[in-house]
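# Survey of secondary and tertiary structure
This is what each chain is made of:
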Amino acid sequence: MEMPPDRFAELVEQAFDALPEDLTGLLENVVLLIEDDAPDDDPTLLGLYDGIPVTERTSAYGGVLPDRITIYRNPTLAICDTEDDVVEEVGITVAHEIAHYFGIDDDRLHELGYA
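Conventions we followed
- Each chain has its residues counted from 1, following the order in which its sequence is written.
- Selection of residues for local features in this predicted model requires a pLDDT of at least 70, selection of side-chain atom pairs for listing and counting requires 80 or more, and totals for whole chains, interfaces and linings are taken over all residues.
- Where side-chain values are given, they derive from all heavy atoms of the structure, hydrogens and water being excluded.
- Any carboxyl oxygen of Asp or Glu that lies within 4 Å of a side-chain nitrogen of Lys or Arg is treated as forming a salt bridge with it.
- Where helices and strands are cited, they refer to DSSP runs of H or I of at least four residues and of E of at least two residues respectively, numbered from the N terminus.
- For our purposes a nonpolar core is just a set of buried Ala, Val, Leu, Ile, Met, Phe, Trp, Tyr and Cys residues, chained together by side-chain atoms within 4.5 Å.
- Burial status follows relative accessibility: with a 1.4 Å probe on protein chains alone, a residue under 20% of its type maximum counts as buried, one over 50% as exposed, and anything between as partly exposed.
- It only takes one pair of heavy atoms within 4.5 Å for two residues to be counted as in contact.

Taken as a whole and assessed by the stated rule, the structure comprises six salt bridges. Notably, a salt bridge pairs Arg7 with Glu10, separated by 2.8 Å at the nearest N-O pair. Residue Arg7 and its partner Glu10 are both found in helix 1 (residues 5-18); the two are separated by three residues, about one turn of the helix. In this structure, the salt-bridge partner of Asp36 is Arg73, at a minimum N-O distance of 3.0 Å. Of this pair, Asp36 sits in the loop between strand 1 (30-35) and strand 2 (47-50) while Arg73 sits in helix 3 (residues 73-78), and the two are 37 residues apart along the sequence.

On to the nonpolar core. Across soluble globular proteins, nonpolar side chains show a tendency to be buried alongside one another. Ranked by internal contacts, the top residues of the largest apolar core, which has 19 residues, are Phe8, Val86, Val90, Val94 and Ile98. Elements represented by at least two residues in this core include exactly helix 1, strand 3 (67-72) and helix 4 (83-101). Among the elements that make up this core, the one with the highest residue count is helix 4 (six residues). In this structure Val86 touches Met1, Met3, Phe8, Leu11, Leu77 and Cys80, once residues within four positions along its chain are discounted.

Quick look at the structure:
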């Protein structure tokens with residue numbers, strides 16, 4: 001599927017905005033990024049959380065660069081046939097990566113339907 005980068009970015013923003021503010025309001029020191037391609041060692045990856053989950057932060061946590069949530073455009077588009085598919089997949093991926101920020105692992109996400 002083809003989609004311009006700015007339209008994909010709009011869908012990522014909409015997915016983030018659709019999450020409950022009670023949840024997103026708890027995010028601290030984290031940025032949401034979009035990249036075209038996933039890392040070479042995992043080219044089909046749709047998203048990645050890179051940071052220290054809040055469940056692992058100690059009182060020594062501070063003065064660190066923001067955690068990063070990255071959504072990968074091309075791998076997402078490769079598995080989608082329609083814009084509605086992209087909306088659904090991006091929504092799942094954004095929620096999945098934010099869950100990692102809160103320390104929720106893939107097994108639990110799978111139980112919840114996000115993996």
